[in-house]
Amino acid sequence: MTEDYRDHGARRVGQVKEVTSLANPIVKDIKALSQKKMRDETRTFMAEGLKLVIDALELGWTIRTLIYSKAAKGKPLVEKIAARTVASGGLVLEVSEKVMASITRRDNPQMVAGVFDQRWMPLRDVKLSMGQTWIALDRVRDPGNLGTIIRTADAAGASGVMLLGDCTDPFSMETVRATMGSMFALPLVKATVTEFLAWKASSGAQVVATHLAGAIDYRTVDYRRKPVVLMMGNEQSGLPEELARQADVLARIPQAGRADSLNLAIATGVMLFEARRDQLKLDEST
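What you see as residue numbers is a count from 1 along each chain, following the sequence as written. Whole-chain, interface and lining totals are the exception, using all residues; otherwise, since this is a predicted model, local features are given only for residues with pLDDT of at least 70 and side-chain atom pairs are given and counted only at 80 or more. Heavy atoms throughout the structure, all of them, feed into the side-chain values; hydrogens and water do not.

A few words now on the pairing of strand β12 (residues 249-252). Of the two faces of β12, the one lined by Val249 and Ala251 is fully buried and the one lined by Leu250 and Arg252 carries no buried residue. Following DSSP output, two strands are said to pair if at least two bridges run between them. Secondary structure elements are defined from DSSP: runs of H or I of at least 4 residues count as helices, runs of E of at least 2 residues count as strands, and each element is numbered from the N terminus. As paired strands, strand β9 (residues 206-210) and β12 are joined by 3 bridges and run parallel to one another. Along β12, the bridge assignment pairs Thr210 with Ala251. Of the pairings in the sheet, the one linking strand β10 (residues 216-217) to β12 comprises 2 bridges and is parallel in character. Within β12, the residue paired with Asp217 across the bridge is Arg252. Burial status follows relative accessibility: with a 1.4 Å probe on protein chains alone, a residue under 20% of its type maximum counts as buried, one over 50% as exposed, and anything between as partly exposed.

Stacked, edge-to-face and tilted are the three classes for Phe, Tyr and Trp ring pairs, Trp counted by its six-membered ring, which pair at centre distances within 6.5 Å; planes under 30 degrees apart are stacked, over 60 edge-to-face, the rest tilted. Counting across every chain of the model gives 8 aromatic pairs. Taking 5.0 Å as the distance between ring centres and 85° as the angle between the ring planes, the aromatic pair formed by Trp61 and Phe184 counts as edge-to-face. Highlighted residues: Trp61 in the loop between α4 (50-58) and β3 (63-69) and Phe184 in the loop between α8 (173-179) and β8 (188-191), separated in sequence by 123 residues. Assessed through its relative accessible area of 5%, Trp61 is described here as buried. Among the residues examined, Phe184 registers a relative accessible area of 3% and is labelled buried. Of the aromatic side chains, those joined through ring pairs into one cluster are Phe45, Trp61, Phe116, Trp120, Phe171 and Phe184. Seen from the ring of Trp120, Lys190 lies directly overhead, with NZ or CZ sitting 4.6 Å from the centre. Criterion for a charge above a ring: Lys NZ or Arg CZ within 6 Å of the ring centre, and within 35 degrees of the ring normal.

Looking now at the pairing of strand β4 (residues 91-95). Of all 5 residues that make up β4, 5 are buried, and the element is covered over most of its length. The pairing of β3 with β4 spans 5 bridges and is classified as parallel. What sits directly across from Tyr68, in β4, is Glu94. In the classification by handedness, the crossover that spans β3, the intervening helix α5 (residues 76-87) and the parallel β4 is right-handed. Looking down the strands as they point away from the viewer, one classifies a crossover as right-handed if the path from the first strand across the helix to the second runs clockwise.

This part is about the environment of Asn234. Topologically, Asn234 is positioned in the loop between β11 (228-232) and α10 (241-244). Residue class for Asn234 comes out buried when judged on its relative accessible area of 8%. Taking the C-alpha atoms as reference points, Asn234 and Asp154, separated by 80 residues in sequence, lie 21 Å from one another. The criterion used for residue contact is that any of the two residues' heavy atoms lie within 4.5 Å. Asn234 has contacts with Asp138, Arg139, Arg141 and Leu239, leaving out every residue within four places of it along the chain.

The next subject is the packing of α4 against α5. For helices, the fitted line uses only the C-alpha atoms of the stretch in contact; every axis is such a line through C-alpha atoms, and the angle between N-to-C directions lies from 0 to 180 degrees. Two elements in contact, α4 and α5, have axes whose closest approach is 11 Å; the angle formed by their N-to-C orientations is 40°. With respect to each other, α4 and α5 are oriented oblique. With respect to the hand of their crossing, α4 and α5 are arranged in left-handed fashion. From α4, Leu50, Val53, Ile54, Leu57 and Glu58 reach across to α5, where they touch Leu77, Val78, Ile81 and Arg84. A per-class count over the contact of α4 with α5 returns 7 nonpolar, no polar and 2 charged. Note on angle classes: values under 35 degrees are labelled roughly parallel, values over 145 roughly antiparallel, values of 65 to 115 roughly perpendicular, and the remainder oblique. Crossing handedness follows the turn of the near helix against the far one: under a right angle anticlockwise gives a left-handed crossing, and clockwise gives a right-handed one. Note on residue categories: nonpolar means Ala, Val, Leu, Ile, Met, Phe, Trp, Tyr, Cys or Pro, charged means Asp, Glu, Lys or Arg, and polar means any other residue, Gly included.

The criterion is simple. A nonpolar core is a set of buried Ala, Val, Leu, Ile, Met, Phe, Trp, Tyr and Cys residues joined through side-chain atoms within 4.5 Å. Counting 53 residues, the largest nonpolar core has Phe45, Leu66, Phe116, Leu137, Val208, Tyr223 and Met271 as its most contacted members. The dominant element in this core, judged by the number of residues it contributes, is helix α11 (residues 264-275), at 6 residues. Once residues lying within four places of it in the same chain are set aside, the contact partners of Phe116 are Arg43, Thr44, Phe45, Ala47, Val53, Ala56, Leu57, Trp61, Thr62, Ile63 and Arg64. Membership of the second largest hydrophobic core comes to 21 residues, among which are Ala191, Val229, Leu239 and Ala247.

Here's what the structure looks like:
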């Protein structure tokens, strides 16, 4: 990196910097967040859209840089989050449409984006209580699947998502987009399979896994007797035997028709809403 942009905010507190050049070193550093290596090194990531940025700030995420296009200048909500960014020691960039398109890698970019600190919850801090449902994903590889699962978990009132083994990065631009802001509302945990199995042994969880060898209809499982961890396998190969053997229940979703499997995000959603059936009620006021 030409310069660590995380330090820019400390030097320019109280200022809004106008940027029109793609060669600007801060712009280059932000664009580099499209690479996992850079996200890992800086422990930051980018989220696009005014709603996502507002959601993140309201939920206490630390913003390092706020970027908005000239078209957004003067809008009350944008001015408000710009002031919050400056007050917290972050950097505010007012950029040209060309720069915003380059940063977001879109021809018709959102008018606002933010660079935030990553946030992970340590597995040891996950303490389960009755009525909770967590999702554990083994080697999920597709960013869209992961983002959709996080969004669905949020909608169903799940307590968090665990990423086991070599999973795709939840802080990639594709995944963040697919979560539609839900990633800011749910704890994310990453762990090895060994760490997860050691945690499971003393967690008090009922681990329910989907597996082709499952003999139990997922609708007949008693999800109420213990906190639940829904364990879902890799898109291509499903759950490895090491994990399948450790599940308390191996369940299957009945299917008809010619399709031999469900998309991972769809299967997780089906399982999740069944596990949460007793927890979810329609709001009678709507």
